[in-house]
Amino acid sequence: MHTVVVGTSGTTAGDVLAVARGNARIELSPEALTALAAAREIVDALAAKPEPVYGVSTGFGALASRHISPDLRAQLQRNIVRSHAAGMGPRVEREVVRALMFLRLKTVCSGHTGVRPEVAQTMADILNAGITPVVHEYGSLGCSGDLAPLSHCALTLIGEGDAEGPDGAVRPAAELLAAAGITPVELREKEGLALLNGTDGMLGMLVMALDDLQKLYTSADITAALSLEALLGTDRVLAAELHAIRPHPGQGVAAANMMKVLAGSGLTGHHQDDAPRVQDAYSVRCAPQVAGAGRDTLAHARTVAGRELAAAVDNPVVLLGDTSQSEGSGGGRVESNGNFHGAPVAYVLDFLAIAAADLGSIAERRTDRLLDKNRSHGLPPFLAGDAGVDSGLMIAQYTQAALVSEMKRLAVPASTDSIPSSAMQEDHVSMGWSAARKLRTAVDNLTRIVAIELYAATRAIELREGLTPAPASSAVIEAVRRAGVEGPGPDRFLAPDLAAADAFVRDGGLVRAAETVTGALD
């Protein structure tokens, strides 16, 4: 099993995916353990002083003005976890919770939170034991971190609340910890707060969405090429020299992918045959421009994610080797800050939802064109076996249109909203968690939209009797038929075919099939 070593300088998207989706084991580096101990010394020194220090010897948020006596500080840390674990709604997916926990551990190990080494080790032990806290859909405003989701995770750390065990059954966290031989943590000064204050949930969902969308954009290039081919379009618009004079990187990549798929096609170039047309429709001709813009959006989002993966997000933070009025052991200090605000992550989550909606929209327009006898250049209405008796793929396109319509609603930015909380102390928030949740739905819908275009385009190509498709197209058609997606014929129960096409796209079968001929696609 793959092992991820957590140090002091952040982590990578690959490590997040390995832990969240691959159940990789986690180890703490010696460097991290040393940094944890050094930061804890500073917190302990400040806790022993009579002056109040936020998060160490005070209340939180709008209650930060109260100085907490030493005998109440452990209770304070437990209480913040219990009271902030106030989420509601459906359970969040296991992979999201694992990503969230791992990213919080990443920040804890930076040496900027003041958490003891044993707390960090227990966090790693819980992940390694396959214990997943029950986290609910609602409870984060994306500022002061993903508070309620992180609190539900911290609740498991102290042996309270519910969690899912490695067998998938939900039981009391105390029982699961005992079965795994893990001792619940007794929180000390600042530790409860340090476990809650980060953008870890929205960041984890961003990292996973980027991974999913990268594969989907390649899949969409393939289905766009199949649709162009089925519509007897021209591949001359994909020429590299045309895209070089408008040098957006993603556009060139998308065009190159489509050209590779169409190499050797006997269907392209027939646009001047029975029904001459000067140019193909925008949904066909401009496919690289739209998909390319989305790819460039992915690149920008990866840059933001990379910076956030390198960050230590907490409030207050421990800074080593400096002096101030909040000075502790060795000249370090604890300072309040606003780094927990989720705006950088929220913006790109919303941007990705916009790009995904547009990619879904153009794919649906190509599908509709394949089904319309007045625009499909010789294909039967709705690709039906016996039009009139058979309805063909008429309602498959309805389903695709419904998904596209929802994608447009999901593209409305969450980050433009803000709602004040905590008696107006936290008066501007990012709504980044909400942006991430709706992006997950958008990615799921986009997969189905691409699958329906695949279903229509492969059927349409097979209906072009006497013309030979590109070798890569033939490879895709053969693979999708083996995957249980049936070809042309009389009407049948379509939902199983659509589900099989969805699974074929979702598990990477579409890209793998094309790449058996094209080689690696970007």
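Right above here is the structure, for reference.
Everything quoted here is computed from the prediction, not taken from an experiment.

A.B. asks: Describe in detail the packing of helix α11 (residues 249-262) against helix α13 (residues 287-309), supporting the description with residues and values.
C.D. replies: At a closest axis distance of 7 Å, the pairing of α11 and α13 adopts a crossing angle of 130°. Comparing the axis directions of α11 and α13 gives the class oblique. The handedness of the crossing between α11 and α13 comes out as right-handed. In this structure, α11 uses Pro249, Gly250, Gln251, Val253, Ala254, Ala255, Asn257 and Met258 to contact α13, whose residues at the interface are Ala287, Pro288, Gln289, Ala291, Gly292, Arg295 and Asp296.

A.B. asks: An account of the pairing of strand β2 (residues 25-28) is needed here, citing residue identities and associated values.
C.D. replies: Side-chain alternation along β2 places Ile26 and Leu28 on a buried face and Arg25 and Glu27 on a face that remains uncovered. Of the strand pairs in this sheet, strand β1 (residues 3-6) and β2 are connected by four bridges, and their pairing is parallel. Within β2, the residue paired with threonine 3 across the bridge is arginine 25. Between the parallel pair β1 and β2, the chain is carried across by helix α1 (residues 13-20), and the sense of this crossover is right-handed.

A.B. asks: Give a detailed account of the sheet that holds strand β6 (residues 162-164), specifying residues and quantitative values.
C.D. replies: Spatially, three strands are ordered β4-β6-β7 in an open sheet, and the strand pairing comes out antiparallel. In this open sheet, the two edge strands, each paired with only one partner strand, are β4 (132-133) and β7 (170-172). Examined bridge by bridge, β4 and β6 share two bridges and lie antiparallel to one another. Of the residues in β6, the one forming a bridge with proline 133 is alanine 163.

A.B. asks: Lay out the pattern of salt bridges in plain terms, naming residues and giving numbers.
C.D. replies: Summed over the entire model, instances satisfying the criterion amount to 37 salt bridges. The closest approach of N and O atoms between arginine 104 and aspartate 314, which form a salt bridge, is 3.9 Å. Of this pair, arginine 104 sits in helix α4 (residues 94-108) while aspartate 314 sits in the loop between α13 and β8 (317-319), and the two are 210 residues apart along the sequence. With a relative accessible area of 2%, arginine 104 lands in the buried category. According to the relative accessible area criterion, aspartate 314 is buried, its value standing at 0%. Taking the shortest distance from any N to any O, the salt bridge between glutamate 453 and arginine 366 comes out at 2.6 Å. Of this pair, glutamate 453 sits in helix α16 (residues 432-463) while arginine 366 sits in helix α14 (residues 343-371); the two residues are 87 residues apart in sequence, bridging distant segments of the chain. Given the relative accessible area of 2%, arginine 366 is considered buried. One network of salt bridges, with partners in common, ties together Arg21, Glu93, Glu95, Glu137, Asp211, Asp212, Lys215, Arg437 and Arg440.

What counts and how
Residues numbered from 1 in each chain as written. Predicted model: local features only at pLDDT ≥ 70, side-chain atom pairs only at ≥ 80, totals over all residues. Heavy atoms only, no water. Axes fitted to C-alpha atoms, helices over the stretch in contact; angles between N-to-C directions. Helix = DSSP H or I, 4+ residues; strand = E, 2+ residues; numbered from the N terminus. Parallel < 35°, antiparallel > 145°, perpendicular 65-115°, else oblique. Left-handed = near helix turned anticlockwise from the far one by under 90°. Contact = heavy atoms within 4.5 Å. Buried < 20%, exposed > 50% of the residue type's maximum accessible area, 1.4 Å probe, protein only. Pairing = 2+ DSSP bridges. Right-handed = clockwise from strand over helix to strand, strands pointing away. Salt bridge = Lys/Arg side-chain N within 4 Å of Asp/Glu carboxyl O.

Interpretation in functional terms is not warranted from these geometric data alone.
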